[in-house]
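Each chain, letter by letter, is given below.
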Amino acid sequence: PPHAQSKNQLFSLSKLANFDYTVNNKLPWISTGYNKWKWNNNEINYVDLGGVVSKQPLILIHGFGASVYHWRYNIPELAKNYHVFALDLLGFGLSDKPIIDYDAEIWRDQVLAFIEEVVFKVRNDKSPCV
């Protein structure tokens, strides 16, 4: 396949470990990113907040010209009831921006891999995602 996956991996711990979403209503800006996931030799930035397996996982996907940080007010509020994951799509936000021909298949493949390799792995659970 044109977007075959190779040796994808998680390679950092959350920089939000001390962020208390129950009392803070705005995600802090971290210029180096929040968490990193290696996908197809590219670093992908993502947020993982509200991580309790009893909460249903919720995945936020931004639109064109946006990033994880556009969800800065939504993520803390949603994390009160969901295990929230938000990722910067390849070419956006704090994710790598390789010079390639971007198309919907790339981002589809990225999101599907993110669910399998990050959401399910972090949660050690394959609960349906919202």
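About the thresholds
Residues numbered from 1 in each chain as written. Predicted model: local features only at pLDDT ≥ 70, side-chain atom pairs only at ≥ 80, totals over all residues. Heavy atoms only, no water. Helix = DSSP H or I, 4+ residues; strand = E, 2+ residues; numbered from the N terminus. Expected span 1.5 Å × (residues − 1). Bend = angle between axes of the 7 residues up to and from the residue. Buried < 20%, exposed > 50% of the residue type's maximum accessible area, 1.4 Å probe, protein only. Polar contact = N/O pair within 3.5 Å; in protein donor to acceptor, adjacent residues only side chain to side chain. Contact = heavy atoms within 4.5 Å. Core = buried A, V, L, I, M, F, W, Y, C linked by side-chain atoms within 4.5 Å. Pairing = 2+ DSSP bridges.

### Section: helix 2 (residues 104–123)
- Taking 1.5 Å of rise per residue, 20 residues should cover 28 Å, and helix 2 covers 27 Å from first to last C-alpha, within 8% of that figure.
- Approximately 30° is the largest bend angle found in helix 2, and it occurs at Ile115.
- Within helix 2, the full set of buried residues consists of Ile106, Trp107, Asp109, Gln110, Val111, Ala113, Phe114, Ile115, Val118, Val119, Phe120 and Arg123.
- The N-capping residue of helix 2, defined by a side-chain oxygen 3.0 Å from the backbone nitrogen of Glu105, is Asp103.

### Structural notes on the side chain of Asp88
- Looking at the element boundaries, Asp88 is found in the loop between strand 5 (82–87) and helix 2.
- Here the side chain of Asp88 touches Asn45 through a polar contact of 2.8 Å, side chain to side chain.
- At 2.5 Å, the side chain of Asp88 and the backbone nitrogen of Val68 are in polar contact.
- Among residues more than four places away in sequence, those in contact with Asp88 are Ile44, Asn45, His62, Ser67, Val68, Gly93, Leu94, Ser95 and Gln110.

### What to know about unusual backbone geometry
- Within the chain, Asn40 stands out as a residue other than glycine whose phi angle is a positive 50°.
- Turning to its location among the elements, Asn40 is positioned in the loop between strand 2 (35–39) and strand 3 (42–49).
- Overall, the relative accessible area of 16% leaves Asn40 in the buried class.
- Its identity is not glycine, yet Asn124 carries a phi of approximately 50°, on the positive side.
- Summarising the element assignment, Asn124 is placed in the segment after helix 2.

### Remarks on the nonpolar core
- Judged by nonpolar contacts, the single largest core of 19 residues is most densely connected at Trp37, Trp39, Leu87 and Phe114.
- Elements with a minimum of two residues in this core: strand 2, strand 3, strand 5 and helix 2.
- Looking at which element gives the most residues to this core, the answer is helix 2, with nine residues.
- Core analysis: the next-biggest nonpolar cluster, separate from the first, contains 16 residues, Leu16, Tyr21, Ile75 and Ala86 among them.

### Considering the environment of Val53
- Within the secondary structure, Val53 is located in the loop between strand 3 and strand 4 (56–61).
- Residue Val53 is classed as partly exposed on the basis of its relative accessible area, which comes to 49%.
- The spatial distance from the C-alpha of Val53 to the C-alpha of Asn124 is 8.4 Å, given a sequence separation of 71 residues.
- The contacts of Val53, once residues within four sequence positions are left out, are Arg123 and Asp125.

### Details of the pairing of strand 2
- When you tally the buried positions in strand 2, you get four out of five residues, the bulk of the element.
- Note that strand 2 and strand 3 share five bridges and pair antiparallel. Counterpart to Lys36 in the pairing with strand 3 is Asn45.
- Hairpin connection of strand 2 to strand 3: two residues between the antiparallel strands, including Asn40 at a positive phi of 50°.

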